[in-house]
Amino acid sequence: MPERTPLAYDPHGVELKWQRRWEERGTNRTDLKGAAHPFFNLMMFPYPSAEGLHVGNVFAFVGADIQGRFRRLAGDDVFEPLGFDAFGIHSENYALKVGTHPAELIPRNIERFRDQLQRIGLMADWRYEVQTTDPRYYKWTQWIFLQLYRAGLAVKRRAAVNWCPACKTVLANEQVIGGFCERHPDTRVEQRMLDQWFFTITRYTERLLDSLARADWSHSTKTIQANWIGRSEGAELVFETPGGKRIPVFTTRPDTVFGATYLVLAPEHPLVSDLTTAERRADVSAYRRTVAAMDLVTRKVGEKAKTGVFIGSYARNPATGASVPIWIADYVLMEYGTGAIMAVPGHDQRDFEFAVVMQLPIVRVVAGPGQTAGTPLAAAEPDVPGGRLVNSPGYDGVAWEEGKRAITQALAARGFATPTVNYRLHDWCISRQRYWGPPIPIIYCDGCGTVPVPERDLPVVLPALEDFRPDDSGVSPLARAASWYRVPCPSCGKPARRETDVSDTFLDSAWYFLRYPSADRDDVPFDRELTAKWLPVSSYIGGNEHAVLHLMYARFITMALKDLGFVPFDEPFARFRAHGTIVKDGAKMSKSRGNVVNPDRYVEQWGADTFRMYLMFLGPYQEGGDFRDAGISGIRRFLDKVWLLVDAVAAGPTTATRTAAAPELVRAMHRTTQKVTADTSSLAYNTAIAAMMEYVNTLRDGSPTSDLVEPLVVLLAPYAPHFAEECWERLGHTTSVMDASWPSFDPALAVAEEVEFVVQVNGKVRGRLRLARGTGQDAAVKAALADPAVRRFTDGKQPRKVIFVPDRLVNLVI
Ligand SMILES: [Zn+2]
Ligand SMILES: [Zn+2]
């Protein structure tokens, strides 16, 4: 027999070999039609930036890939598709910056991303890749728009919208962070009145909220989305003028009505003209003109100076019966609530600032512990923990939550209150006055009005436009593509014009998961049977930064398609888990800090498997961790140890594989399998890896046999797939390790074996304890001190010294 020298583990050779082999053998291909146990393993498809794959993407994808591979080994038919979310302002702004057309840039970026994704060893079935910028895809994005349009869920209306002067386009509310553009943190968002397309998501508000409560989603994600939908209970209260005009106001705090010392109407409120007295008319008209001019620019709320005018009339506070003055001010908008508010300066900051400037009365009506009705207010106190009502005759001393209910009831009985529910969620503005998106499939005809593009004419292909720069006009650059813009009316054939706005990128990503199983079909957006078979998505993993945008829009589109009869389910994602984030040296990774980790460099140096495991070992997957270069060599050493174990088993004499394994090693194998199974299925990847490391150290101390090492290789396969394939082959298998079965375990054997410890106090035997084999000194001492028999001799004192013999003896010296 020839001498055999063990080969060292060479990650690059191994990874290239298996990536090629997976491709040749179709290892990662899923038989969508024939699958008996479909498991749709979805990860959030990336935006293919020019920088290439970010380490945060790799972290997210590897964690999802481990889940998919685990489910496959456990017997499911796993479908793990990937694609690219390549339309949108990100791509377009970057293209403008570097002076390259996005149509040139994006395909290059996608190529690079796909290469990188293949290198990290994802189990992706690339036959079903989707690209949102592909007309074969966005044909169906436009088709969805048309279905919603027909159902009355897509409407065009003139509205005050958020306008970013830097992006030169409208933004969804979700893209405005504290008054600034999410993409331009130094640019204040303005308000403009523009004709915009909206999806009326508000018709689904309650359904979105109710069904969210039942969803198997990360708690954090559910909380963020529920807060965004923002259900608040309140009441519409009525303030009446002496002339009998009723002014309804919405408030979430009817308990504070005794502190309502004035009313504010939006300057456009229809009652303003009627209620303005003759002597105030000139001032009111002037102010209304000023605000009307501001409409097109901004009606900012916040730190700007408070302005407004008294209109000369009064209305009766329904609780106090007092006459309160009526003002108009630009901080009250017609779009919100009833266009009028009751001002409670004691407990609302904006009202407080206004009252100070206009010298209006400020009354405390809620007092916290240690405060009285007379405690002065230096600022508004909107939330008073443990607050009770004061200066509210009939309700003084009542907890404010209770007062809210009681006061609403009392006023309702007199016809001055209606309990109502309000939501923060607004309709979804989907028009963008930009170039890089799917054109909205609508045609305007002077004779026929708004005409949807017939489905047979889809897709409306985005015209090639050399100069795609947006301008300040509020009109999309597509208006400059004359031959595209002018089109015969589909109804009457006379000259007509195309809609020039493109749709929001969040519409592209609101349905991509429906497309994956049918990505090879051009005749339908999604095949009915495949959709029923593979969806809802079994497991979706992604970041919480998408809790209110993507994850809410995807749910809405799915619900709308369900109502229109296109899909048989309401919720698109059966299970969603938010992954954590990777920081570097305690700080968020960013270019400006210079602490961005380039994944290519690590894959190059260590190989994909070591890098995958290292990322997963940084901390709990759903929390994330701190990236430190120091730890990565530990993972490599672990893989080297496994390599040598496999080598020993593969090369050892045949009798070695037949020798019965030592009982404690068999127990360790069952224990490890149980732990890795539970931890992998619950995304606790870091502790699963720790358990495998411990097992490998145990095996190295004993004499490994193939029935101890083979299960380890399978447990490792989701984490280090190329490495596991190579080991599997070296152990004599000719099929992929991904076609093996996940090892089973016997729970009885998985329980750690118990041994008897003798407990001595000052050298004399005082008790005996049964503890798990391998119990450490600290745990053994703790157990000994807690034992009643031993406690009689220790008098509650801590030992001065301990003599510890593993698995045998604890001697406490008191
Ligand atoms: Zn912007
Ligand atoms: Zn027409």
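Before going into details, it helps to say that this report is about the structure given with it. (Residues numbered from 1 in each chain as written. Chains lettered and ligands numbered in written order. Predicted model: local features only at pLDDT ≥ 70, side-chain atom pairs only at ≥ 80, totals over all residues. Heavy atoms only, no water.)

1. Overview of the overall build of the protein chain
Across its full length, the protein chain carries 27 helices and 35 strands. With the principal axes as the frame, the protein chain shows a C-alpha extent of 110 × 85 × 45 Å. Across the 814 residues that make up the protein chain, the buried fraction comes to 54%. Once local pairs closer than 6 in sequence are excluded, the contacts in the protein chain between residues at least 24 apart make up 72%. As presented, the protein chain carries roughly 34900 Å² of accessible surface, and 52% of it is formed by carbon and sulfur atoms. Charge centroids of the protein chain, computed over 95 positive and 95 negative side chains, lie 3 Å from each other. (Helix = DSSP H or I, 4+ residues; strand = E, 2+ residues; numbered from the N terminus. Buried < 20%, exposed > 50% of the residue type's maximum accessible area, 1.4 Å probe, protein only. Contact = heavy atoms within 4.5 Å. Areas by Shrake-Rupley, 256 points an atom, 1.4 Å probe, with all protein chains shown as cover. Lys, Arg positive; Asp, Glu negative; His and termini not counted. Charge placed at Lys NZ, Arg CZ, Asp CG, Glu CD.)

2. Focus on helix H1 (residues 11-25)
With 15 residues, H1 extends 21 Å from end C-alpha to end C-alpha; this agrees with the ideal 21 Å at 1.5 Å per step. All buried positions along H1 are accounted for by Pro11, Val14, Glu15, Trp18, Gln19, Arg21 and Trp22. End-on view of H1: buried residues confined to an arc of 165 degrees, all on one side of the axis. Every exposed residue of H1 that faces more than 90 degrees away from the buried side is listed here: Leu16, Arg20, Glu23 and Glu24. (Expected span 1.5 Å × (residues − 1). Arc of directions from axis to C-beta.)

3. Remarks on the coordination of the zinc ion (ligand 2)
Protein-derived coordination of the zinc ion (ligand 2) comes from Cys445 (SG), Cys448 (SG), Cys489 (SG) and Cys492 (SG), at a distance range of 2.2 to 2.3 Å. Here the zinc ion (ligand 2) is ringed by four donor atoms whose angles at the metal span 107 to 112 degrees, and the overall shape comes out tetrahedral. Spacing between the donor residues of the zinc ion (ligand 2) along their common chain follows C-x2-C-x40-C-x2-C. Highlighted residues: cysteine 445 in strand S22 (residues 442-445) and cysteine 489 in the loop between strand S24 (486-488) and strand S25 (495-498), separated in sequence by 44 residues. Residue class for cysteine 445 comes out buried when judged on its relative accessible area of 6%. (Donors = N, O, S within 2.8 Å, 3.2 Å for Na, K, Ca; no water. Tetrahedral: all angles 85-135°; square planar, octahedral: opposite > 155°, others 65-115°.)

4. Focus on empty space enclosed by the protein
One pass over the full model with this rule turns up two cavities of 30 Å³ or more. Estimates place the volume of the largest cavity at around 90 Å³. Taken together, 13 residues make up the lining of the largest cavity; nearest its centre are Gly88, Ile89, Arg432, Ser503 and Thr505. Mapped onto the lining of the largest cavity, the elements with two or more residues apiece are helix H3 (89-98) and strand S26 (502-503). Considered class by class, the residues forming the lining of the largest cavity number three nonpolar, five polar and five charged. (1 Å grid on protein atoms, 1.4 Å probe; cavity = no way out; pocket = protein on both sides within 12 Å on 5 of 7 lines; lining within 4 Å. Points joined across faces, edges and corners; volume = space filled by probe spheres on them. Nonpolar A, V, L, I, M, F, W, Y, C, P; charged D, E, K, R; others polar.)

5. Some points on the pattern of salt bridges
Pairing between side chains of opposite charge can happen when the charged atoms of each approach one another. Scanning the entire structure with this criterion turns up 47 salt bridges. When the shortest N-O distance is used, the salt bridge between lysine 306 and glutamate 353 registers 3.3 Å. With lysine 306 in the loop between helix H9 (281-294) and strand S14 (309-316) and glutamate 353 in helix H10 (residues 349-358), the pair connects residues that are 47 residues apart, well separated along the chain. Arginine 730 is the salt-bridge partner of aspartate 647, the closest N and O atoms lying 2.2 Å from each other. In this pair, aspartate 647 is assigned in helix H19 (residues 632-651) and arginine 730 in helix H24 (residues 721-730), connecting sequence segments 83 residues apart. The residues aspartate 647 and arginine 730 share a single accessibility class, namely buried. Linked through salt bridges whose partners overlap, the residues forming this network are Lys17, Arg21, Glu726 and Glu729. (Salt bridge = Lys/Arg side-chain N within 4 Å of Asp/Glu carboxyl O.)

6. Some remarks on the pairing of strand S35 (residues 809-813)
In terms of residue burial, S35 counts as a mostly covered element, since four of its five residues are buried. Sheet analysis places strand S32 (residues 754-761) next to S35, joined by four bridges and oriented parallel. From the neighbouring strand, glutamine 760 faces S35, where its bridge partner is asparagine 811. Inspection of the sheet shows strand S34 (residues 801-805) paired to S35 by five bridges, in the antiparallel sense. Each bridged residue has a counterpart across the sheet, and for isoleucine 803 the counterpart in S35 is asparagine 811. (Pairing = 2+ DSSP bridges.)

7. Description of the nonpolar core
Of all hydrophobic cores here, the largest spans 180 residues; its most connected members are Phe199, Trp428, Phe513, Ile557 and Phe627. Ranked by residue count, the leading element in this core is helix H2 (residues 55-73), at 10 residues. Grouped together as the second largest cluster of nonpolar side chains are 51 residues, Phe239, Val249, Leu275 and Ile341 included. (Core = buried A, V, L, I, M, F, W, Y, C linked by side-chain atoms within 4.5 Å.)

8. Re the coordination of the zinc ion (ligand 1)
Here the zinc ion (ligand 1) is held by the protein donor atoms Cys164 (SG), Cys167 (SG), Cys181 (SG) and His184 (ND1), which lie 2.1 to 2.3 Å from it. Every donor counted, the four donor atoms about the zinc ion (ligand 1) form angles of 103 to 114 degrees at the centre, which fits tetrahedral coordination. Along the chain, the residues donating to the zinc ion (ligand 1) fall in the pattern C-x2-C-x13-C-x2-H. Of the two residues, cysteine 164 and cysteine 167, both sit in the buried class.

9. Topic: the packing of aromatic side chains
Overall, the coordinates contain 50 aromatic pairs when judged by the stated rule. Geometrically, the ring pair formed by phenylalanine 145 and phenylalanine 199 is tilted, given 6.0 Å between the ring centres and 35 degrees between the ring planes. Taken as a pair, phenylalanine 145 in helix H5 (residues 135-150) and phenylalanine 199 in strand S9 (residues 190-199) lie far apart in primary sequence, 54 residues in all. Relative accessible area serves as the criterion here: at 2%, phenylalanine 145 is assigned to the buried category. (Phe/Tyr/Trp six-rings, centres within 6.5 Å; stacked < 30°, edge-to-face > 60°.)

10. A short note on the packing of helix H21 (residues 663-681) against helix H22 (residues 685-701)
Look at H21 against H22: their axes get within 8 Å of each other, and the N-to-C directions meet at 165 degrees. With respect to H22, the axis of H21 lies roughly antiparallel. For the crossing formed where H21 meets H22, the hand is left-handed. Contacts from Leu665, Ala668, Met669, Thr672, Lys675, Val676, Asp679 and Thr680 of H21 reach H22 at Tyr685, Thr687, Ala688, Ala691, Met692, Tyr695, Thr698 and Leu699. Its residues placed into classes, the contact of H21 with H22 shows 10 nonpolar, four polar and two charged. (Axes fitted to C-alpha atoms, helices over the stretch in contact; angles between N-to-C directions. Parallel < 35°, antiparallel > 145°, perpendicular 65-115°, else oblique. Left-handed = near helix turned anticlockwise from the far one by under 90°.)

11. Side note on helix H7 (residues 219-229)
For H7, the complete set of buried residues consists of Thr221, Lys222, Gln225, Trp228 and Ile229. The buried residues of H7 occupy an angular sector of 130 degrees when projected down its axis, which confines them to one face. In H7, the exposed residues that point more than 90 degrees away from the buried face are His219 and Asn227. Where H7 is buried, its residues contact helix H6 (205-214), strand S10 (216-217), helix H16 (550-563) and strand S28 (575-578). Phi turns positive, to about 60 degrees, at glycine 230, one or two residues after H7.

12. Section: the environment of tyrosine 485
Following the sequence through the fold, tyrosine 485 ends up in helix H12 (residues 482-485). Judged by relative accessible area, which is 18%, tyrosine 485 ranks as buried. For the pair formed by tyrosine 485 and proline 463, sequence separation is 22 residues and the distance between their alpha carbons is 9.3 Å.

13. Things to note about unusual backbone geometry
Between leucine 458 and proline 459 the backbone carries a cis peptide bond, its omega angle lying at 0 degrees. Its location among the elements puts proline 459 in the loop between strand S23 (449-452) and H12. Of note, the amide linkage connecting leucine 535 to proline 536 takes the cis form, showing an omega dihedral of 0 degrees. For lysine 168, which is not glycine, the phi dihedral falls at a positive 55 degrees. Assignment of secondary structure puts lysine 168 in the loop between strand S5 (154-164) and strand S6 (169-171). Relative accessible area serves as the criterion here: at 23%, lysine 168 is assigned to the partly exposed category.

14. Description of the sheet that holds strand S1 (residues 38-43)
On the basis of which strands lie adjacent, the open sheet formed by five strands has the order S2-S1-S27-S28-S10 and parallel pairing. Every interior strand has two partners, whereas the edge strands, strand S2 (77-79) and S10, have only one. Both S10 and S28 contribute to a ladder of two bridges, which runs parallel. Within the sheet, the bridge partner assigned to aspartate 216 lies in S28 and is arginine 575.

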